[in-house]
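An overview of the molecular structure
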Amino acid sequence: MSLLSVHALGKAFGAVCAVDNVNFTLHPGEMLALIGPNGAGKSTTFNLINGQLRADHGRILLNSQNLVGLTPREICRQGVGRTFQIAETFLSLSVIENVQMALLAYSNNIFSFFKSAAQFQRNEAMRLLAQVGLDEQAARPVSDLAYGDVKRVELALALATQPSLLLMDEPTAGMAPTERLELMALTKKIVAERQIAVLFTEHSMDVVFGYADRVIVLAQGQLIAQGTPEEIRRHPEVQRVYFGSGATFEDFNA
Ligand code: ADP
Ligand code: MG
């Protein structure tokens, strides 16, 4: 059975059909890449799933429950997590404090106010940090970390909400090529271990073709192709949308 199933999803901004009758499914343990040129509707699709935006029509089923109309908080509770950039003000806090705050916000446990924040779910925070390979950096301020390690903290923060589906909008933006591949390899390992699913957008075709189990392609709000990375690489319509005539993904990666 699919974890996520999107049916006839639509969202317009005035005359612009940002997401136009889109259908796709996602299974536990699967990494699905959503690609397409700028303005294709990728971020809008994400924001419809996480409830930042409300769909004009269609259904978004998570374990058969419709998410359309729920608030972002309710959708998070249903098991849809997302990565986001750590806000400026939190960079001076330590790595573990950031994770503890995410756990605190998620648990929303009144009793936690009677304990000191430093004690709050310390073990759980360390477990998450070990999973992303940052347990030895736990006490350092986030501002001291290399950029690739900041991205690992952001992954740990997203995992703190115990998602069954994780949304990652351009997770490797701004990263060096080797850092990118490391982050995606780590993500893939966690997806397999936890049997969660990931929907991600990505500009680097190395990442898409190296780590996605399946790829869906949007252009002007419409889903124009879906398939394995190999099928998408060879898809004439996809190549036309990305490169016009002539060029291929091979040229693009060179
Ligand atoms: P992508 O993430 O694939 O680059 P977006 O989902 O951000 O694309 O945008 C899809 C289309 O919807 C674009 O034409 C964009 O200009 C438009 N759009 C996105 N968000 C808004 C908004 N809040 N208001 C008006 N138009 C928007
Ligand atoms: Mg976008």
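Keep in mind that what you see is a predicted model, and the values were worked out from it rather than measured. One numbering rule holds for all chains: residues counted from 1, following each sequence as written. In the order they appear in the text, chains get letters beginning with A and ligands get numbers beginning with 1. Given that this is a predicted model, residues contribute local features only at a pLDDT of at least 70 and side-chain atom pairs are listed and counted only at 80 or more, while totals for whole chains, interfaces and linings are drawn from all residues. Just so you know, side-chain values use all the structure's heavy atoms and leave hydrogens and water out.

**So, the pairing of strand 10 (residues 222–227)**
Short version of the rule: Two strands are said to pair when DSSP picks up at least two bridges between them. Helix and strand definitions follow DSSP, with helices as H or I runs of at least four residues and strands as E runs of at least two, each counted in order from the N terminus.
As paired elements, strand 9 (residues 214–219) and strand 10 share five bridges and run antiparallel to each other. Bridged to Leu218 within strand 10 is Leu223. Here strand 9 hands over to strand 10 after two residues, with Gln220 in that stretch at a positive phi of 50°.

**Overview of the sheet that holds strand 8 (residues 197–201)**
The cut-off we apply is this: Where helices are involved, their axes are fitted lines through C-alpha atoms of the stretch in contact, as for all axes, and angles between N-to-C directions lie from 0 to 180°. Two residues form a contact once any of their heavy atoms are found within 4.5 Å.
Reading across from one edge, 6-7-8-3-9-10 is the order of the six strands in this open sheet, with mixed pairing throughout. Because the sheet does not close on itself, it has two edges, and the strands there are strand 6 (80–82) and strand 10. On average, adjacent strands in this sheet sit at an angle of 20° to one another, irrespective of strand direction. The pairing of strand 7 (residues 165–169) with strand 8 spans five bridges and is classified as parallel. Its bridge partner lying in strand 8, Leu165 is registered against Ala197. Most of the contacts of helix 9 (residues 236–243) go to strand 10, to which it runs at about 125°, and overall it touches strand 3 (31–35), strand 9 and strand 10.

**Re the site of ligand 1**
Operational definition: Here a residue is near a molecule or strand as soon as one of its heavy atoms is found within 4 Å of it. Identification of polar contacts relies on pairs of N or O atoms within 3.5 Å, with a donor-acceptor requirement for protein atoms, meaning one able to donate a hydrogen and the other able to accept it, and with residues adjacent in sequence counted only if both atoms are side-chain atoms. For the accessible areas, the method is Shrake-Rupley and the probe is 1.4 Å, while residue cover comes only from the protein chains on display. In this count, Pro and Cys sit with the nonpolar residues alongside Ala, Val, Leu, Ile, Met, Phe, Trp and Tyr, while Asp, Glu, Lys and Arg are called charged and the others, Gly among them, polar.
The full set of residues close to ligand 1 is Phe13, Val16, Ala18, Pro37, Asn38, Gly39, Ala40, Gly41, Lys42, Ser43 and Thr44. Within the backbone of Gly39, an N or O atom sits 2.8 Å from an oxygen atom of ligand 1. Residue Lys42 places a side-chain N or O atom 2.8 Å away from an oxygen atom belonging to ligand 1. Surface burial for ligand 1 is 57%, taken as the share of its 560 Å² of free accessible area covered by protein chains. Among the elements of the structure, strand 2 (16–26) and helix 1 (42–49) are those that each provide at least two residues to the shell around ligand 1. No other element matches helix 1, which puts three residues into the shell around ligand 1. Grouping the constituent residues of the shell around ligand 1 by class yields five nonpolar, five polar and one charged.

**Some remarks on the sheet that holds strand 1 (residues 4–13)**
In spatial order, the strands read 2-1-4-5; together these four strands make up an open sheet with antiparallel pairing. Since the sheet does not close on itself, it has two edges, and those belong to strand 2 and strand 5 (65–66), each with one partner. In this sheet, strand 2 lies alongside strand 1 in antiparallel orientation, the contact comprising seven bridges. Pairing of Ser5 across the sheet is with Thr25, part of strand 2. Sheet strands touched by helix 1: strand 1, strand 2 and strand 4 (57–62). Its angle to strand 2, the strand with the most contacts, is close to 65°.

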